[in-house]
Amino acid sequence: TPLSSTTLPEIAGRVPVPSYDRSALRTGIVHFGVGGFHRAHQAMYLDRLMSEGGAHEWAVTGVGVLPGDRRMQEALAKQDHLYTLVVKSPDGSLEPRVIGSIRDYLFAPDDPERVIECMADPGVRIVSLTITEGGYNFHAVTGEFVVDNPDVVHDVAEPAASRTAFGLVTEALVRRRARGIPPFTVMSCDNIQGNGDVARRCFTSFAALRDPELAAWVGAEVCFPNSMVDRITPVTTEDDRAEVRERFGIDDAWPVVCEPFTQWVLEDRFGAGRPPYEDAGVQLVSDVEPYELMKLRLLNASHQAIAYFGYLAGYRLVHDAAQDQLFARFLLSYMDVEATPTLEPVPGIDLDGYKLELVERFSNAGVRDTLARLCAESSDRIPKWLLPVVRLNLASGGEVHRSAAVVASWARYAEGVDEQGEPIEVVDPLRDVLVPAARQQGADPLSFLRNRDVFGDLVDDERFTTAYLWALDSLHTKGARATLEALAADSA
Ligand code: NAD
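The structure presented is a predicted model; accordingly, all values stated were derived computationally and were not measured. (Residues numbered from 1 in each chain as written. Predicted model: local features only at pLDDT ≥ 70, side-chain atom pairs only at ≥ 80, totals over all residues. Heavy atoms only, no water.)

1. Here we look at the packing of aromatic side chains
Tallied over the entire structure, the rule returns 15 aromatic pairs. For the pair Phe-203 and Phe-224, a centre-to-centre distance of 6.1 Å together with 35° between the ring planes defines the contact as tilted. Of this pair, Phe-203 sits in helix H8 (residues 195-210) while Phe-224 sits in the loop between helix H9 (212-221) and strand S8 (227-230), placing them 21 residues apart in sequence. Accessibility assignment for this pair places Phe-203 and Phe-224 in one class, buried. A network of ring pairs unites the aromatic residues Tyr-308, Tyr-311, Trp-410, Tyr-413, Phe-448 and Phe-455 as a single cluster. The ring of Tyr-83 has Arg-39 lying over it, and the distance from NZ or CZ to the ring centre is 4.7 Å. Between the NZ or CZ atom of Arg-316 and the centre of the ring of Tyr-311, over which it lies, the distance is 3.7 Å. (Phe/Tyr/Trp six-rings, centres within 6.5 Å; stacked < 30°, edge-to-face > 60°. Helix = DSSP H or I, 4+ residues; strand = E, 2+ residues; numbered from the N terminus. Buried < 20%, exposed > 50% of the residue type's maximum accessible area, 1.4 Å probe, protein only. Lys NZ or Arg CZ within 6 Å of the ring centre and 35° of its normal.)

2. Notes on the domain arrangement of the protein
Under the domain assignment used here, the protein contains domain 1 (5-285) and domain 2 (289-491). Here the C-alpha centre of domain 2 lies 29 Å away from the C-alpha centre of domain 1. Listed by partner, the interface residues are 31 residues for domain 1 and 30 residues for domain 2. Summing both sides of the interface, domain 1 and domain 2 together bury roughly 2,400 Å²; the carbon and sulfur share of this comes to 58%. Seen at the junction of domain 1 and domain 2, the total is eight residue pairs in polar contact (both at pLDDT 80 or more). Within the residue set of the side of domain 1 that touches domain 2, elements represented by two or more residues are S8, strand S10 (263-267) and strand S11 (283-285). It is S8 that contributes the most residues to the side of domain 1 that touches domain 2, four residues altogether. (Domains from an automatic or database assignment. Contact = heavy atoms within 4.5 Å. Buried area = accessible area lost by both parts, 1.4 Å probe. Polar contact = N/O pair within 3.5 Å; in protein donor to acceptor, adjacent residues only side chain to side chain.)

3. A closer look at the site of the ligand
Contacts to the ligand come from 21 residues, most closely from Phe-37, Asp-69, Glu-133, Asp-190 and Thr-233. Note that an oxygen atom of the ligand is positioned 2.8 Å from one of the backbone N or O atoms of Phe-37. Thr-233 is positioned with one of its backbone polar atoms (N or O) 2.9 Å from an oxygen atom of the ligand. For the shell around the ligand, the residue count by class is seven nonpolar, eight polar and six charged. (Near = heavy atom within 4 Å. Nonpolar A, V, L, I, M, F, W, Y, C, P; charged D, E, K, R; others polar.)

4. Examining the sheet that holds strand S7 (residues 185-188)
Spatial strand order, S5-S2-S1-S6-S7: five strands in an open sheet with parallel pairing. Each edge of the open sheet is held by one strand with a lone partner, namely strand S5 (102-107) and S7. Direction aside, the axes of adjacent strands within the sheet are offset by 25° on average. By the bridge criterion, four bridges tie strand S1 (residues 27-32) to strand S6 (residues 126-129) in an arrangement that is parallel. Within S6, the residue paired with Ile-29 across the bridge is Ile-126. (Pairing = 2+ DSSP bridges. Axes fitted to C-alpha atoms, helices over the stretch in contact; angles between N-to-C directions.)

5. Overview of the sheet that holds S10
An order of S8-S10-S11 is seen for the three strands of this open sheet, with the pairing classed as mixed. Of all the strands in the sheet, just S8 and S11 have a single pairing partner and so form its edges. Sheet twist, expressed as the average angle between the axes of neighbouring strands with direction ignored, equals 15°. Across three bridges, the pairing between S10 and S11 is parallel. Its bridge partner lying in S11, Val-265 is registered against Gln-283.

6. Focus on the packing of helix H16 (residues 378-385) against helix H17 (residues 387-396)
Between H16 and H17, whose axes approach to 4 Å, the crossing angle comes to 35°. Contact with H16, carried on its side by Ile-382, Pro-383, Lys-384 and Trp-385, involves Leu-387, Pro-388 and Val-389 of H17 and no other residues of that element. A per-class count over the contact of H16 with H17 returns six nonpolar, no polar and one charged.

7. Concerning the side chain of Asn-393
The topology assignment puts Asn-393 in helix H17. Residue classification places Asn-393 among the buried positions, given a relative accessible area of 3%. Every residue in contact with Asn-393, bar those within four places of it in the chain, is listed here: Glu-338, Thr-342, Gly-398, Glu-399, Val-400 and Arg-463.

8. Some words on unusual backbone geometry
Phi angles above zero are rare outside glycine, and Thr-132 is one such case at about 75°. Phi is positive for Glu-377, which is not a glycine, with a value near 55°. In this fold, Glu-377 is placed in the loop between helix H15 (371-375) and H16. A relative accessible area of 34% means that Glu-377 is categorised as partly exposed.

9. Concerning the pairing of S8
Burial of S8 is two-sided: the residues Ser-227 and Val-229 facing one way and the residues Met-228 and Asp-230 facing the other way are all buried. In the sheet, S8 pairs with S10 via four bridges, with the strands oriented antiparallel. Paired with Asp-230 across the bridge in S10 is Gln-263.

Put into structure tokens, the structure is as follows:
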């Protein structure tokens with residue numbers, strides 16, 4: 001059955017579908033970056049609230065700004081913005097549900113004016129973002145907004161025809177202000193430490209390019225709550241589409257699969273109101289920092305710790321690597337010895353339990369998350385998740401062996417050939433500088449680390465480079481497995 005509003009009654013016999021009247025939904029949230037994660041996480045929480053009879057004024061209108069988002073617009077439009085979310089348990093069982101909380105999707109390049117006016121509507125009270133770590137357009141080391149990005153320059157000159165989230169959102173704020181409508185809250189749900197604070201810096205920096213007074217107003221009047229978001233959501237595959245068709249009889253152009261675990265810790269700072277998220281299991285707190293540091297340095301940095309070593313050792317799926325005791329032990333020792341000492345106490349969380357649960361989550365064979373996904377855009381990931389752990393340990397005299405080995409494994413991976421001699425497709429915005437640098441490592445083993453835009457001054461720290469050079473040499477001469485074995489023996 002093709003998924004659509006008219007076929008829902010038929011599908012309802014097989015899979016839970018929205019029980020609420022979708023025609024009565026109104027847009028209260030405009031979301032940039034409707035990918036897998038938004039649909040497995042924030043839209044799912046809203047669907048829960050709607051299923052319980054609430055939040056009907058908080059439906060989502062999605063926005064895509066990149067050319068690649070045309071596909072999502074077409075896929076969702078064909079099926080009345082409905083999609084199937086399939087939760088996959090380690091025991092192989094599947095829990096499907098048709099989600100109905102997204103009511104519209106706008107492809108911004110077609111009609112930026114419509115996107116701006118949609119956000120200027122008084123009914124919209126939150127603009128949320130999952131535009132990836134790279135989407136915030138700030139420099140990895142200096143943290144400064146990149147003002148000479150051509151799209152940013154364009155949006156400053158022609159606000160009504162904006163191409164970026166910054167340009168579109170800022171123009172909508174300008175129009176609300178002129179019309180006497182209070183600003184919406186900007187809610188970042190990306191995996192960036194202090195994601196709300198980062199969003200505030202980026203949006204005020206952008207506004208300052210238009211008008212310093214506007215920047216001051218954005219900084220003072222717009223709320224940017226920080227959040228910690230967690231649910232592993234791999235890229236949807238053809239197999240996932242086929243499974244939804246064969247098992248549940250639903251023809252869905254773009255279903256989403258994810259793990260059972262889900263967590264959302266959110267700062268309760270919303271200037272224009274918010275859905276009653278607490279009724280759907282969201283933790284609303286005054287300070288998310290302890291939770292986000294825990295998640296970024298344990299979960300996200302561990303993803304990088306398994307990604308390159310796993311790939312080089314010949315694994316392609318995350319669970320295959322995580323089920324290998326050598327890898328599981330390496331993750332736990334990175335988390336215990338290097339990451340945990342950099343964390344503050346996390347209210348209400350048993351950290352030892354959290355770490356063991358992480359290894360179990362990575363081992364979930366149902367999810368079929370790929371190491372390639374974790375390796376993609378590494379230059380946005382390593383500096384944000386792992387390098388803070390390195391810097392804190394260097395400052396405090398803590399251990400850096402394992403983190404240095406992870407950075408070395410990335411450098412080895414970036415050479416673009418695995419240990420079987422097969423080519424690796426390095427997906428990274430900095431690919432054209434990273435790959436050549438990695439390929440010079442034979443002659444200059446520090447060539448990769450010399451990139452100060454990515455690594456800052458780590459190359460000047462002898463304690464770090466000693467550990468790094470050992471690991472890189474071991475990766476070249478003995479390979480990924482033997483390097484992990486040596487690290488494990490070293491810790492024992
Ligand atoms: P995805 O590739 O499915 O979707 C990414 C979306 O971001 C796309 O719509 C894309 O067009 C948009 N985007 C990328 N760069 C942009 C830019 N410069 N400006 C505007 N939009 C841009 O990825 P996803 O799995 O949905 O993950 C998105 C983000 O969500 C991640 O980068 C991460 O910060 C966060 N997240 C993901 C997961 C996960 O497991 N997938 C878990 C927690 C948090």
